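What the coordinates show
So you can see what is in the structure, the chains are spelled out below.
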Amino acid sequence: MSVGYISAYTITSGLVMPLQKILAPQLPIVFSVVFLPHGIRVLAVYFLGWRGLLYLLPSSYLMWATTVYGNSIDLAVLSPLASLGVVYVAVRMVQTYRGSCNKDVFNFSWKECLIIAAIASVLNGIALSMLYDSEINWILIIGYSSGDMAGQIVLLMLMISLMRITRKLSKFI
């Protein structure tokens, strides 16, 4: 999980953010238009439950530290914890609504993942907005939410494509 999170964060900060600075320099630097780590967070908690939080916490703080100190960006120290916590809340909300707390790897639903990601992205936007401004800032909420959802969609599309390619290649091997 940590390797996936660090990889997604590195792609976001090394590829997406520079492109975003070139194509949309007016956007605030604190959020990304495609934030891939959100997808990793959702999938980790979706499959592993609260243990996914423990697996991602060190890598979340490692990437937070490199972002804050490496780029002189003002990010709250609680932001990684808040971003992980809201994903857990979103998973629990969907599981409670669905009526089941047990989820195994073989019962994967990409639609459910998107619903969880949508709820978590809005909650993440609200939490991070309140951490930075101590009040609700709708521009930050919309920015974080749209970037998180775009990251989840891109990640799911990559996963589905990879699974299809793997399935097709396995017929030849």
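The structure this text deals with has already been given above.
Residues numbered from 1 in each chain as written. Predicted model: local features only at pLDDT ≥ 70, side-chain atom pairs only at ≥ 80, totals over all residues. Heavy atoms only, no water.

1. Details of a nonpolar patch on the surface
- There is a patch of nonpolar side chains on the surface, built from Ile-11, Leu-15, Leu-19, Ile-22 and Leu-23 and spanning about 540 Å² of accessible area.
- Among the structural elements, Ile-22 can be located in helix H1 (residues 2–23). (Patch = residues over 30% accessible without salt bridge, like charges linked within 9 Å, V, L, I, M, F, W, Y side chains within 5 Å. Areas by Shrake-Rupley, 256 points an atom, 1.4 Å probe, with all protein chains shown as cover. Salt bridge = Lys/Arg side-chain N within 4 Å of Asp/Glu carboxyl O. Helix = DSSP H or I, 4+ residues; strand = E, 2+ residues; numbered from the N terminus.)

2. Section: the packing of aromatic side chains
- For the structure shown, the criterion picks out five aromatic pairs.
- Each ring, one from Tyr-9 and one from Phe-35, has its centre 5.6 Å from the other, and the planes form 85°; the classification is edge-to-face. With Tyr-9 in helix H1 and Phe-35 in the loop between H1 and helix H2 (37–48), this pair connects stretches of sequence that are 26 residues apart.
- Of the residues examined, Tyr-9 reaches a relative accessible area of 11% and is grouped as buried.
- Among the aromatic residues, ring-to-ring pairing joins Tyr-5, Tyr-9 and Phe-35 into one connected group. (Phe/Tyr/Trp six-rings, centres within 6.5 Å; stacked < 30°, edge-to-face > 60°. Buried < 20%, exposed > 50% of the residue type's maximum accessible area, 1.4 Å probe, protein only.)

3. Points about the nonpolar core
- Residues Tyr-5, Ile-40, Leu-56, Val-87 and Ile-116 are the most contacted members of the largest nonpolar core, which totals 26 residues.
- Listing elements by their share of this core, those giving two or more residues are H1, H2, helix H3 (50–71), helix H4 (79–98), helix H5 (110–133) and helix H6 (138–172).
- For this core, the leading source of residues is H2, giving six residues.
- Residues in contact with Ile-40, not counting those within four places in the same chain, are Met-1, Gly-4, Tyr-5, Ala-8, Leu-56 and Leu-155. (Core = buried A, V, L, I, M, F, W, Y, C linked by side-chain atoms within 4.5 Å. Contact = heavy atoms within 4.5 Å.)

4. Some remarks on a positive patch on the surface
- Residues Arg-164, Arg-167, Lys-168 and Lys-171 make up a contiguous surface patch of positive charge.
- By the secondary structure assignment, Lys-171 is in helix H6.
- A residue is classified by how much of its surface remains accessible, and Lys-171, at 69% relative accessible area, is exposed. (Lys, Arg positive; Asp, Glu negative; His and termini not counted. Charge placed at Lys NZ, Arg CZ, Asp CG, Glu CD.)

5. Considerations on the environment of Gln-152
- With respect to the helices, strands and loops of the structure, Gln-152 is situated in helix H6.
- Relative accessible area serves as the criterion here: at 0%, Gln-152 is assigned to the buried category.
- Expressed as a C-alpha distance, the spacing of Gln-152 and Tyr-55, which sit 97 residues apart in the sequence, is 19 Å.
- Beyond its immediate chain neighbours, meaning those up to four positions away, Gln-152 contacts His-38, Gly-39, Val-42, Leu-43, Cys-113, Leu-114 and Ala-117.

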